[in-house]
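Secondary and tertiary structure notes
Listed below, chain by chain, are the residues.
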Amino acid sequence: MLFQPQSSSHTAFAQKAPLPPYYNYTFCSHLEPTPEEALEDRYLLNSIAWPKSPTGPAPAPLIQSSDPVHSLFNLLPLKIQREWRVGDQLEALVQMHDFQGRPKRYGGDFLVARLHSPELGAGVAGRVVDHLNGSYLALFPLLWQGTAQVVITMVHSSEGVAVLQRLQEQRSDRVFFKSLFRSGKRSETTICNMYLPPNQPKQPLCNYTDLHTGEPWYCLKPKMLSCDTRINHAKGGNKKNLITNKEALLLQSGVNIKVVIHASGPDRINVLPGKKDEIKNSSIIPEPVKYTPSGYYYRGSWRSFAGTTARKFNDSSSITQCLTGKVFHMYGDSTVRQWFEYLNALVPEIKEFNLHSPQRSGPFMAVDSNHNILLTYRCHGPPIRFAAVGTNELRYIANELDGLPGGADTVVAISIWSHFSTFPVEVYIRRMRHIRRALVRLLDRSPGTLVVIRSANLQVQNQQVSLYNSDWFSLQRDRVLRTMFMGMGVVFLDAWEMTLAHNLPHELHPPPAIIKDMMDLILSHVCPTKKKMS
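Attention here is on the structure that accompanies the text. Bear in mind that the values here come from a model prediction, so they are computed numbers and not experimental data.

Rules used in this analysis
- The written sequence of each chain sets the order in which its residues are numbered from 1.
- Only residues with pLDDT of 70 or above have their local features reported here, since the model is predicted, and side-chain atom pairs are shown and tallied only from 80 upward, although totals for entire chains, interfaces and linings are computed over all residues.
- Side-chain numbers here rest on the full set of heavy atoms in the structure, without hydrogens or water.
- If DSSP finds at least two bridges between two strands, the strands pair.
- Where helices and strands are cited, they refer to DSSP runs of H or I of at least four residues and of E of at least two residues respectively, numbered from the N terminus.
- Only a pair of cysteine sulfur atoms within 2.5 Å counts as a disulfide in this structure description.
- Accessible area is worked out with a 1.4 Å probe on protein chains only. A residue is then buried under 20% of its type maximum, exposed over 50%, and partly exposed in between.
- Among the buried residues, those of types Ala, Val, Leu, Ile, Met, Phe, Trp, Tyr and Cys that are joined through side-chain atoms within 4.5 Å form a nonpolar core.
- Only one rule defines a salt bridge in this text: a Lys or Arg side-chain nitrogen within 4 Å of an Asp or Glu carboxyl oxygen.

A sheet is described by the order of its strands in space; here six strands give the open sequence β11-β12-β10-β9-β13-β22, paired in antiparallel fashion. Two strands lie at the open edges of the sheet, namely β11 (205-207) and β22 (389-390), each paired on one side alone. In the sheet, strand β9 (residues 175-183) pairs with strand β10 (residues 186-193) via seven bridges, with the strands oriented antiparallel. Residue pairing in the sheet places K178 in a bridge with I191 of β10.

Written out as structure tokens, the structure is:
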């Protein structure tokens, strides 16, 4: 998917002088957005607003919550045998019921849907429409000839989502961070975070707010050491006892987290070839606006609707030929680090430099001097949940982008979402706004730069994972990401649909087969198929 250029740009906040430690007893009151930013914030937050549970702030009893086992779906139209052809749109009507078998009368359940054919290695993500009355419509484009089976999964009940909403709004501290301070033989470790809430003891803070972007980060000041003796950043751990016993019942593995909803009738159809001459001016009632996915799987390979013809890069020589003379910078979390690892492992001519970096956080660099190829990976700035990152390697993506010359020989890939799942969505919006401004500046000075933005992906879910990294948190940020980079002239890699459409289990780090499809798609943009002269 290619987003078109956007002409507007914004000036990033910057300060020239170092920031001294200060006493902060308010919750981020000093980071009020500008009127223009506040307007965008409201628009983005409204665009991802989720239906509120009618039970109010109190958790609903389990027996009154959505039960995927009692819930059912039907393929439409009911009681009518119709002929399905490639190019048609299949619809499935889902009716949710509670644990007593009673129909639900309100929406807000988090459902995902896919249409697939294991025999054909085919699959496509469906679109789910919430009717807000306990029923949902799942839409699927029919893209291949042969069998096609509908699979609808309840990721979370509406009542479970209400628990996650409470955590998002009230417990952004559920993952905590720390830093080690050292001077000579003396060392201290203190708690750090983007915001340190006002109930902390009245202790001085070390202010590590980024001077260029204004991104905040604070640590409690060590008792015996100065703020400039900080040597690393690390995840401290996860807070416990975040939910009540009643809330825990709404987030149970195998009960109401990622459970398949069964059909009350057939769940599969046979798709015939599309008609060459469609009947015009038909009296048949027109279908609703058709859903167009970003792509689909067929014969085990991803076929994108992005406009660029997808090529297969099945051997190292084809990859080397494509990347010759290129600089490929990868920024973000471990889901983009997978791309660096994939190329580094597959292409023997690419040799990784030993920078003596931590295995997870990097930075990493690999070079093929014979073909003038440079690969780099650098993790994004705090919040980052890796074990330890040296303070000299804590970099914000926006600042890194501002340091790139760019050009037709430069590829930039960005993936940043998972480590923001425990913070309010506004925090993610602000971070992506800084990155967007930097990308506007990069593309303005070097229009030939290829920029790839990777979306979030689905992952394995249980109660523990859901509290900190639920697919629902990822979905919220994914929708924000798509909206904010619309019209930017960047390549959008839809990892959400790729992991949903595939038959492999969901994992935080998608398996090698999906990583290959991602890299094939990126390399197809780096080295597009040349059009034949007519």
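Having seen it, we continue.
Okay, the state of the cysteines next. Using the criterion set out here, one finds three disulfides in the structure. The residue that forms a disulfide with C206 is C227, at a sulfur-sulfur distance of 2.0 Å. A torsion of -85° about the S-S bond marks the disulfide between C206 and C227 as left-handed. Separated by 21 residues along the polypeptide, C206 in strand β11 and C227 in the loop between β12 (218-220) and β13 (232-238) bring together distant segments of the chain. Taken individually, C206 and C227 each receive the classification buried, so the pair is uniform in this respect. Note that C322 is cross-linked by a disulfide to C527, the S-S spacing being 2.1 Å. Its S-S torsion of approximately 110° makes the covalent link between C322 and C527 right-handed. One end of the pair, C322, is in helix α4 (residues 316-323); the other, C527, is in the segment after α11 (512-526), and 205 residues separate them in sequence. There is no split in this pair, since C322 and C527 are both buried.

Moving on: the nonpolar core. Among the nonpolar cores identified, the biggest contains 73 residues, and F110, L401, I414, I435, L439, I453 and F485 are the most heavily contacted of them. Within the second largest apolar cluster, 43 residues are counted, among which are F340, V411, A413 and M519.

Evaluated as defined, the whole model comprises 27 salt bridges. In this structure, the salt-bridge partner of D471 is K258, at a minimum N-O distance of 2.8 Å. Taken together, the positions of D471 in helix α9 (residues 471-484) and K258 in strand β14 (residues 257-263) put the pair 213 residues apart, joining distant regions of the chain. Look at D471 and you get buried, because its relative accessible area is 0%. Among the residues examined, K258 registers a relative accessible area of 23% and is labelled partly exposed. Here D494 makes a salt bridge to R482, at a shortest N to O gap of 2.7 Å. In this pair, D494 is assigned in the loop between β25 (491-493) and α10 (495-501) and R482 in helix α9, connecting sequence segments twelve residues apart.

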